Each structure stands twice: as structure tokens, then as C-alpha cells.
Amino acid sequence: MPRQRRRAGASNPVCFLATGAEFASKNTLRTAAAGGVVLITSSMRTISIKVDGRLHTVEVDPSTPLLFVLSDELGLRGPKFGCGIAQCGACTVIIGGRAVRSCVLPIGSMKEEDEVTTLEGLGTPEKPHPLQQSFINEGASQCGFCLSGVILTAKAVLDENPKASDEEIRQALGGVLCRCFTHTRMLRAIRKYADERRA
Ligand code: FES
Ligand code: FES
């Protein structure tokens, strides 16, 4: 029997249908009466995935983008659906020390040893990661929609090269969009974090 699932995290069904072309072509999508989207697929698989230090087992089509699994199956709200085509960075997570755009990563293509870190996994409201704390100190966000991309990309860059220059940080963040134009404060927060880390 085919399984049915509602993509609760795909908050904009039109956007989801328009940008998830490859995913959609392998599955049947219908507009639900409630305004969401119903996915009907006969190729579900049980997949284990380690996210923020915890092992999860999900039953999904292997072509499902990692972002949908994180939001719909695991209820995480750090990674966001922005463009759905690897252009904005809102869905960024860290895998193997690299900043990765989860909207275009089919969960079935991940390796068993892959560990995912999301913005939620970095710190907690009570004990933010020092980079998150630096953003708080500098007031370096407005709506916060882009923060997974900005913070996790900056973290991946500085983990790899703690001495990264302003120019190198700017280049790494070049493809991460912030529609609130908070760039100056963000760069200041990242610089302060990097300098304090090395002190
Ligand atoms: S939502 Fe993934 S890069 Fe825009
Ligand atoms: S703070 Fe709003 S998109 Fe960056």
C-alpha cells in the first residue's frame, strides 16, 4: 500500500512544488484540502541519521531532501526553507566539518557515518555556543531567518582556519543571503568570536 504524508514543514506549497522538481518527478504530489501538500510514494525506506548527537530512525523516500527530514520528521526549526535550490543558505547544516545546504541533499545519499549539526545543536537558549553568544552580544540578527546559514558557515570556516581574515570570512559568507541587511553586525560578531577564541 502506498504511504501518505503531509509535508508540514513545506510552508509554501507553491514554492515546494516549483523548486523540488526532481523530487516531485519521482513521487505523486496533490494539493490537500487544508492547503498543504500530500506526498504519496511507494519507495519508503527506513534510514538512521545522527543529528545533534542523537540517533534518529525515519521512514522516508530516499530522495527526500535532508531539510524536509530535519523539519518534518524531527521537528527542528533552525534550518529554514528559503529558496530550495542551494542559492540562499537558509537551510545550512554542518556535516563532516563542512557547511552543507540541506535543501538539495537527498537523505538517501548520506553516508552511515555522517553526523549532522544544526543551529539547535550548537547551543541551547540557556547555554548558547560562544558564536551564538557573540551574535546576541552584538545584536547581530533581525528576523533570524538566515542565521543557520550565517552562523554555521562561519563556524565551519573558523573551525578549519581559526586565523581566517575578514576577507576570507566575507568570501565564505558571500553565498549566504540576509534579507534584513544585518551583514555589518554579523561580521563584527564573527570577528569578535574568532579573536576571543584565539586569545
Ligand atoms: S533553502 Fe537551501 S540554500 Fe536556500
Ligand atoms: S536577519 Fe533576517 S534574513 Fe538575516
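Placed above this text is the structure.
Keep in mind the model is a prediction, meaning the values are calculated, not measured.

A. Main features of helix H5 (residues 130-138). Those residues of H5 not exposed but buried are Leu-131, Gln-132, Ser-134, Phe-135 and Glu-138. Along the long axis of H5, the arc covered by the buried residues comes to 155°, so they all point the same way. Every exposed residue of H5 that faces more than 90 degrees away from the buried side is listed here: Pro-130, Ile-136 and Asn-137. Buried residues in H5 make contact with helix H4 (119-122), helix H6 (147-160) and helix H8 (183-198). Directly after H5, the chain includes Gly-139, whose backbone phi takes a positive value near 60°.

B. Summary view of the pairing of strand E7 (residues 98-101). Sheet topology places strand E6 (residues 92-95) next to E7; four bridges connect them, and they run antiparallel. Its bridge partner being in E7, Ile-94 is matched across the sheet by Ala-99. Linking E6 back to E7 in an antiparallel pair, the connection comprises two residues, with Gly-96 at a positive phi of about 60°.

C. Representation of empty space enclosed by the protein. In the structure shown here, the tally under the stated rule is one cavity of 30 Å³ or more. Empty space within the largest cavity amounts to approximately 30 Å³. Lining the largest cavity we find Cys-88, Ala-90, Phe-145, Cys-146, Leu-177 and Arg-179. Among the residues forming the lining of the largest cavity, the class breakdown is five nonpolar, no polar and one charged.

D. View of the packing of H6 against H8. Running from N to C, H6 and H8 point in directions that differ by 30°, and their axes come no closer than 11 Å. When the axes of H6 and H8 are compared, the pair comes out roughly parallel. The two elements H6 and H8 meet at a crossing, and its hand is right-handed. Between H6, through Leu-147, Val-150, Ala-154, Leu-158 and Asp-159, and H8, the contact on the second element is made entirely by Met-186, Ile-190, Tyr-193, Ala-194 and Arg-197. Counted by class, the contact of H6 with H8 contains eight nonpolar, no polar and two charged residues.

E. Spatial organisation of the sheet that holds strand E5 (residues 54-60). Here we have five strands laid out as an open sheet, ordered E5-E4-E8-E6-E7, and mixed in their pairing. The sheet is open, and its two edges are formed by E5 and E7, each paired on a single side. Across this sheet, the average inter-strand angle for adjacent strands is 40°, counted without regard to direction. Of the strand pairs in this sheet, strand E4 (residues 45-51) and E5 are connected by seven bridges, and their pairing is antiparallel.

F. The arrangement of unusual backbone geometry in detail. Its identity is not glycine, yet Ala-86 carries a phi of approximately 65°, on the positive side. Here Ala-86 is to be found in the loop between helix H3 (66-73) and E6. A relative accessible area of 27% means that Ala-86 is categorised as partly exposed. Residue Phe-181 is not a glycine yet carries a positive backbone phi of 55°.

G. How the structure looks around the environment of Val-51. Counting through the fold element by element, Val-51 comes out in strand E4. Along the sequence, Val-51 and Val-93 sit 42 residues apart, while their C-alpha atoms lie 9.9 Å from each other. Residues contacting Val-51, with those up to four places away along its chain left out, are His-56, Leu-70, Leu-74, Leu-76, Val-116 and Thr-118.

Parameters at a glance
- Residues numbered from 1 in each chain as written.
- Chains lettered and ligands numbered in written order.
- Predicted model: local features only at pLDDT ≥ 70, side-chain atom pairs only at ≥ 80, totals over all residues.
- Heavy atoms only, no water.
- Buried < 20%, exposed > 50% of the residue type's maximum accessible area, 1.4 Å probe, protein only.
- Helix = DSSP H or I, 4+ residues; strand = E, 2+ residues; numbered from the N terminus.
- Arc of directions from axis to C-beta.
- Contact = heavy atoms within 4.5 Å.
- Pairing = 2+ DSSP bridges.
- 1 Å grid on protein atoms, 1.4 Å probe; cavity = no way out; pocket = protein on both sides within 12 Å on 5 of 7 lines; lining within 4 Å.
- Points joined across faces, edges and corners; volume = space filled by probe spheres on them.
- Nonpolar A, V, L, I, M, F, W, Y, C, P; charged D, E, K, R; others polar.
- Axes fitted to C-alpha atoms, helices over the stretch in contact; angles between N-to-C directions.
- Parallel < 35°, antiparallel > 145°, perpendicular 65-115°, else oblique.
- Left-handed = near helix turned anticlockwise from the far one by under 90°.

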